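Listed here are the chains, written in short residue letters.
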Amino acid sequence: RQPYPLTISAKEVCDMKAYPNPFEDNITVYYQAAKGNNELLLTDVLGRIIRRQNIEQSVESTTIWQFKALSKLPSGIYFIRLQNANGTQSVKVVK
């Protein structure tokens, strides 16, 4: 079970970022969370969902989330996609 996301500060604007990139076991995602539902998806290049996380936010804020235990994923290109009331963003990551 993963901990709750860490909120950095309200109303701070940032682009979605993921590190380390390339990653081995864990990957940390910084993103601008909208008030309400925020869905983070980790997908392969064919769009198959590897991990999905729905996060409810009570306020808009810059947020940190970590996908853990990814060491068994094969090497390759993956995408992290954020969908919320502000739209959709994605970032390419490499394992």
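Going by the structure above, here's the rest.
Residues numbered from 1 in each chain as written. Predicted model: local features only at pLDDT ≥ 70, side-chain atom pairs only at ≥ 80, totals over all residues. Heavy atoms only, no water.

Digging into the nonpolar core
In plain terms, the rule: Note on terminology: a nonpolar core comprises buried Ala, Val, Leu, Ile, Met, Phe, Trp, Tyr and Cys residues joined through side-chain atoms within 4.5 Å. Three labels apply to residues, based on accessible area from a 1.4 Å probe with only protein chains included: buried if under 20% of the type maximum, exposed if over 50%, partly exposed otherwise in between. Secondary structure counts use DSSP, requiring at least four H or I residues in a row for a helix and at least two E residues in a row for a strand, with both numbered from the N terminus. Note on contacts: a residue pair qualifies if any of its non-hydrogen atoms lie within 4.5 Å across the two residues.
By size, the foremost hydrophobic cluster in this structure holds 19 residues, and its most contacted members are Met16, Ile27, Tyr31, Leu40, Phe67 and Ile80. If you list the elements that add at least two residues to this core, you get β3 (27-33), β4 (36-44), β6 (61-67), β7 (77-84) and β8 (87-94). For this core, the leading source of residues is β3, giving four residues. Excluding residues that lie within four positions of it along the chain, Leu40 makes contacts with Met16, Val29, Tyr31, Arg51, Arg52, Gln53, Ile55, Trp65, Phe67, Ile80, Arg81 and Leu82.

Describing the pairing of β3
The condition is simple: By definition, two strands form a pair when at least two bridges between them are found by DSSP.
With six of seven residues buried, β3 lies mostly within the body of the structure. In terms of strand pairing, strand β2 (residues 17-19) meets β3 through three bridges, oriented antiparallel. Within β3, the position partnered with Lys17 by the bridge is Tyr30. By the bridge criterion, seven bridges tie β3 to β6 in an arrangement that is antiparallel. In the sheet register, Tyr30 faces β6, and the bridge partner there is Ile64.

Concerning the environment of Gly36
Following the sequence through the fold, Gly36 ends up in strand β4. The spatial distance from the C-alpha of Gly36 to the C-alpha of Gln57 is 5.1 Å, given a sequence separation of 21 residues.

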